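Structural overview for review
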Amino acid sequence: GMEAASAPRSEAPAALGDGLTYHHVHFYVDSLADLKTYKEMESEANAFASAYDAEGRPGVEKGREIWKKITKTSVKEPKAYSQAGQDFVEQLIVGAGWRVSASHTCEETTSYALSPNDPKGVNFVVTCANTGAGESKASPPPHFAKSSVHRFLECHEGKPGVAVLGFEVTSAGGLAKIMDKYEKHHPSLVVDPSAKVKTYANAKGEMQVGEVYAYYAKEDSKADQGTIIRFVEIVGDPEHRNLPGFTPCECTFPDYGFPAYCDHWVSNVFHRKQFLQTLNDTLGFTPKVDFNAGVVAAGEAIIESTVTGNNSTTLQSAQQALTSHRQVYLPINNALSKVGHVHLFLDQLGQGIQHIASRVSDVVAFVSLVNLRREVTGQGFSFLRIPRSYYGRLDAEDLVKAGVSSKLATSAVKILTDQKIVSLSGIVELDVTPETIQDAISKNLDKDLMSEYEKNSRSIQRVVLKARYVNLFKLLRDHFSPQTYLNIVRNKVLVDIQGNDVLFQIFTSNILQRKPGDESPFLEFIQRVCSEKKDNSGKPMPIRPGCGGFGIRNFLTLFLSIEVSKAMRQLESAVEQKDKKAASIAERRVKILTNQLDESNPVLTAISDAMTAESEAKEAAINSASAEEKEKLEAEAKAWERKKLEGNKQLQALSDRYKALMREVREEEEASAKA
């Protein structure tokens with residue numbers, strides 16, 4: 001064929017998606033209280049915060065007395081707390097310290113907007129269909145219509161969930177262009193082809209809204225009418241960022257709170273590549289190679305995952321890295337096996353949003369506060385249980401490494417275990433002190449080991465105390481004080497590191513869950529501690545968005561923790577029901593998954609280190625001064641890539657082995673059920 005003369009190269013226009021920012025997330029729930037009830041909850045929560053502070057933050061028991069004096073609306077029993085059947089708005093008010101910033105009620109539906117104590121932070125919109133209500137006389141905008149709620153529920157097995165991901169289009173006229181792209185490339189995903197863009201005016205300007213279905217259906221080229229992506233464009237200077245129809249309301253925040261900002265929104269889908277392609281065709285979103293975990297396995301559960309998103313500019317400061325909504329990241333999962341929570345989610349609910357992740361400035365302090373509020377009020381959020389072994393355990397070998405004879409090491413560990421300071425699996429009591437250790441060992445140790453012990457008592461105590469967080473310490477060294485390490489362990493926060501960037505993450509238990517065991521979404525809170533690199537002149541270098549990654553190491557940990565948490569619950573209920581057989585099966589499950597977690601940890605660290613080193617060598621090669629240096633750095637990058645692939649192979653072998661062990665347990669369970 002003829003080759004056309006090439007046109008002069010002009011800068012390719014930035015993709016439409018590059019002009020998007022996070023705007024809101026819209027949840028459809030079973031039921032909501034009236035505004036007065038929520039405002040009373042807020043003022044009680046504020047009163048508690050002030051009184052608790054005035055008393056010098058005296059801890060849970062005292063906190064509970066303070067709360068009982070304050071609350072008129074609720075004295076729930078904290079011990080009876082269950083993640084199922086919660087009022088999501090109440091959880092956000094009491095647990096996260098957010099407030100209702102706007103409301104909309106009509107005959108068909110009730111809706112609230114909730115935000116943390118920064119109006120530019122996360123915006124959660126929560127809507128329920130009013131029971132027994134007919135159609136409203138004046139029909140509400142589609143985003144508050146009962147028919148929209150019902151359409152979502154019909155595609156979501158009738159269960160509540162995250163129904164809409166809302167983005168703001170920041171370039172003038174960008175919304176019309178995005179809707180045109182969808183009409184051209186993916187016409188069946190446009191929600192209302194007859195009015196692609198709807199315009200709502202108020203005194204100071206207008207908001208334009210366009211909606212598309214996020215995914216295609218499992219079987220054919222029709223849309224899955226569950227989850228929606230909603231684009232809004234603000235023209236002029238409307239009075240508020242709220243969706244059309246909302247009336248703002250007064251809110252008062254407690255003195256200390258944690259503003260939260262959107263970080264990433266995760267989908268579980270049947271066809272990962274198809275969704276990636278759709279987002280690329282319409283918004284120009286591209287996979288973020290540095291963050292992609294590929295195949296992840298926990299026991300018999302196997303998934304694939306890709307992070308996609310726009311290309312936003314680098315960030316100039318740590319404050320900007322916390323608050324900017326311009327970098328959009330959408331991780332996408334699909335299941336590869338008929339086991340595990342992604343498979344169960346798709347099976348029980350269909351495609352949809354698995355979790356919503358928000359950044360806070362201090363995750364450990366935030367989670368401590370949420371835990372305190374739950375333990376005091378019986379309200380708010382609980383979090384996924386992470387096995388203590390994730391953080392570290394004590395092994396006689398560790399004492400030998402510190403220069404102690406193996407005879408003394410074994411005796412010391414045995415004594416500490418007998419005295420219940422260390423569990424049989426090597427987990428050290430969190431509140432142990434050097435004195436307790438000293439006391440236990442010196443009273444129970446064989447006389448002939450005494451003089452060696454006295455010489456080494458300090459280093460033995462150090463090793464035992466550090467065993468509570470030794471895995472974290474190996475990753476982060478002196479980045480953090482022992483106190484911070486203990487708070488991380490106490491509050492079960494996950495930690496990951498990429499280069500010198502640190503990522504803290506924690507996952508709530510399921511939200512919008514009707515009964516225990518049901519699949520449903522959850523929330524994630526994260527903190528990105530970006531390393532402060534300086535250039536040659538000593539000026540801080542710009543920070544790249546997503547610093548610290550997406551917890552490539554924790555991806556597997558999260559996955560295993562979800563399975564371990566489930567097995568722990570099975571174990572507890574089997575023990576309660578005195579079902580010995582079920583208890584022993586659940587116990588084996590916990591053990592297998594915990595072992596997989598422990599064994600995977602060092603391999604994951606090696607993979608993550610290799611990934612970081614590889615990308616650093618590649619970057620250095622691009623900026624190298626000479627051809628010789630470039631060649632050397634490229635070879636180095638290749639070597640790290642081989643190490644990364646080696647690690648992946650090891651991980652694969654390891655996961656195959658554990659997959660077989662989990663299958664054995666399951667087959668045994670099935671056989672004894674038939675018997």
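Refer to the structure presented above.
Residues numbered from 1 in each chain as written. Predicted model: local features only at pLDDT ≥ 70, side-chain atom pairs only at ≥ 80, totals over all residues. Heavy atoms only, no water.

Counting its regular elements, the chain contains 18 helices and 18 strands. Taking 26 Å as the expected radius of gyration for a compact globule of 675 residues, we find that the chain reaches 27 Å, a close match to that expectation. Taken over 675 residues, the chain has a buried fraction of 54%. Counting contacts in the chain only where the partners sit at least 6 residues apart, residues at least 24 apart contribute 72% of the total. Just so you have it, the chain exposes about 31100 Å², and 52% of that area is on carbon and sulfur atoms. Here the chain holds 82 positive side-chain charges and 87 negative ones, and the gap between their average locations is 3 Å. (Helix = DSSP H or I, 4+ residues; strand = E, 2+ residues; numbered from the N terminus. Rg over C-alpha atoms; globule rule 2.2 N^0.38 Å. Buried < 20%, exposed > 50% of the residue type's maximum accessible area, 1.4 Å probe, protein only. Contact = heavy atoms within 4.5 Å. Areas by Shrake-Rupley, 256 points an atom, 1.4 Å probe, with all protein chains shown as cover. Lys, Arg positive; Asp, Glu negative; His and termini not counted. Charge placed at Lys NZ, Arg CZ, Asp CG, Glu CD.)

Quick look at the side chain of Q351 now. Within the element layout of this structure, Q351 appears in the loop between helix 8 (341–349) and strand 15 (352–359). Within the local environment of Q351, its side chain forms a polar contact with the side chain of D224, the two groups lying 3.0 Å apart. Looking at Q351, its side chain comes within polar contact range of the main-chain nitrogen of F270, at 3.0 Å. (Polar contact = N/O pair within 3.5 Å; in protein donor to acceptor, adjacent residues only side chain to side chain.)

What follows covers the layout of surface pockets. Volume-wise, the second largest pocket comes out at about 1000 Å³. In terms of lining residues, the second largest pocket is bounded by 39 residues, among which Q83, S382, F383, R385 and S509 are the most central. Contributions of two or more residues to the lining of the second largest pocket are made by helix 2 (60–70), helix 8, helix 9 (363–377) and helix 16 (552–576). Tallying contributions element by element places helix 16 first for the lining of the second largest pocket, with five residues. Looking at side-chain class alone, the lining of the second largest pocket contains eleven nonpolar, 15 polar and 13 charged residues. (1 Å grid on protein atoms, 1.4 Å probe; cavity = no way out; pocket = protein on both sides within 12 Å on 5 of 7 lines; lining within 4 Å. Points joined across faces, edges and corners; volume = space filled by probe spheres on them. Nonpolar A, V, L, I, M, F, W, Y, C, P; charged D, E, K, R; others polar.)

All right, on to the nonpolar core then. Formed by 137 residues in total, the largest nonpolar core has its most connected members in F27, F88, F124, F167 and F231. Discounting residues that sit within four places of it in the chain, F124 has contacts with V25, F27, F88, L92, W98, Y112, A113, L114, I356 and L523. (Core = buried A, V, L, I, M, F, W, Y, C linked by side-chain atoms within 4.5 Å.)

On to the packing of aromatic side chains, then. Going through the model one piece at a time under the given rule, you end up with 23 aromatic pairs. Between Y22 and W265 the ring centres are 4.4 Å apart and the planes differ by 50 degrees, which places this aromatic pair in the tilted class. With Y22 in strand 1 (residues 20–28) and W265 in strand 10 (residues 261–268), this residue pair connects regions lying 243 residues apart in the sequence. We note that Y22, like W265, is buried. Between the aromatic rings of F27 and F88, the centroid separation amounts to 4.7 Å while the plane-to-plane angle is 50 degrees, which identifies the pairing as tilted. In this pair, F27 sits in strand 1 while F88 sits in helix 3 (residues 88–96), placing the two residues 61 residues apart along the sequence. F88 shares its class with F27; the two are buried. Members of the aromatic cluster, joined through ring pairs, are Y22, F167, Y182, F231 and W265. Sitting over the face of the ring of Y81, R374 holds its NZ or CZ atom 5.9 Å from the ring centroid. (Phe/Tyr/Trp six-rings, centres within 6.5 Å; stacked < 30°, edge-to-face > 60°. Lys NZ or Arg CZ within 6 Å of the ring centre and 35° of its normal.)

As a further point, take a negative patch on the surface. Together, E628, E629, E631 and E634 make up a region of like negative charge exposed at the surface. Here E631 shows up in helix 18 (residues 627–674). (Patch = residues over 30% accessible without salt bridge, like charges linked within 9 Å, V, L, I, M, F, W, Y side chains within 5 Å. Salt bridge = Lys/Arg side-chain N within 4 Å of Asp/Glu carboxyl O.)

Right, let's talk about the pattern of salt bridges for a bit. Following the criterion strictly, the structure yields 28 salt bridges and no others. With its nearest N and O atoms 2.6 Å apart, the salt bridge here joins D431 to R490. Here D431, found in the loop between helix 11 (406–418) and helix 12 (434–444), pairs with R490, found in helix 15 (residues 482–490); they are 59 residues apart in sequence, far enough to count as distant. The partly exposed category is assigned to R490, whose relative accessible area is 35%. Measuring nitrogen to oxygen at the nearest pair gives 2.8 Å for the salt bridge that ties E669 to R589. Of this pair, E669 sits in helix 18 while R589 sits in helix 17 (residues 580–622); the two residues are 80 residues apart in sequence, bridging distant segments of the chain. Classification of R589 by relative accessible area gives buried; the value is 13%. Bridged by salt links that share partners, the residues D180, E183 and K196 form one connected network.

Looking now at the environment of A318. Along the chain, A318 falls in helix 7 (residues 318–323). The exposure class of A318 is exposed, given its relative accessible area of 53%. For the pair formed by A318 and P542, sequence separation is 224 residues and the distance between their alpha carbons is 9.3 Å.

The next thing to look at is the sheet that holds strand 4 (residues 124–129). With mixed pairing, the nine strands of this open sheet are ordered in space as 6-7-8-5-1-4-3-2-9. On the outer flanks of this sheet lie strand 6 (197–202) and strand 9 (247–248), each paired with one strand and no other. Relative to strand 4, strand 3 (residues 109–115) runs antiparallel, the two sharing six bridges. The partner of A113 across the bridge, within strand 4, is V125. Contacting strand 2 (99–105) and strand 3, helix 1 (residues 35–54) runs over the sheet at an angle of about 175 degrees to strand 2. (Pairing = 2+ DSSP bridges. Axes fitted to C-alpha atoms, helices over the stretch in contact; angles between N-to-C directions.)

Within the element layout of this structure, N334 appears in strand 14 (residues 329–335). Taking C-alpha positions, N334 is 9.5 Å from K273, a pair spaced 61 residues apart along the chain. A distance of 2.8 Å separates polar atoms of two side chains, one belonging to N334 and the other to R272.

Taken residue by residue, helix 8 has H341, V342, H343, F345, L346 and L349 as its buried positions. Within two residues after helix 8, G350 carries a phi angle of roughly 85 degrees, on the positive side.

What follows covers the pairing of strand 15. The buried count for strand 15 comes to eight of eight residues, which makes it a mostly enclosed element. Pairing of strand 10 with strand 15 involves seven bridges; the strand directions are antiparallel. Residue pairing in the sheet places V266 in a bridge with H355 of strand 15. Pairing of strand 15 with strand 18 (residues 522–529), which is carried by five bridges, proceeds in the parallel orientation. Directly across from A357, in strand 18, lies its bridge partner E524.

Our focus in this paragraph is helix 15. Listed as buried for helix 15 are Y485, L486, I488 and V489. Taken end-on, helix 15 shows its buried residues confined to a sector of 155 degrees, consistent with a single buried face. Summarising the contacts, the buried residues of helix 15 are in contact with helix 9, helix 14 (470–476), strand 16 (494–498) and strand 17 (501–507). (Arc of directions from axis to C-beta.)

Interhelical geometry of helix 17 versus helix 18 gives an angle of 170 degrees and a closest axis separation of 8 Å. It follows that helix 17 is roughly antiparallel to helix 18 by the angle criterion. Looking at the contact of helix 17 with helix 18 residue by residue, the classes come out as 21 nonpolar, eight polar and 16 charged. (Parallel < 35°, antiparallel > 145°, perpendicular 65-115°, else oblique.)

Remember, this is a structural readout, not a statement about activity or role.
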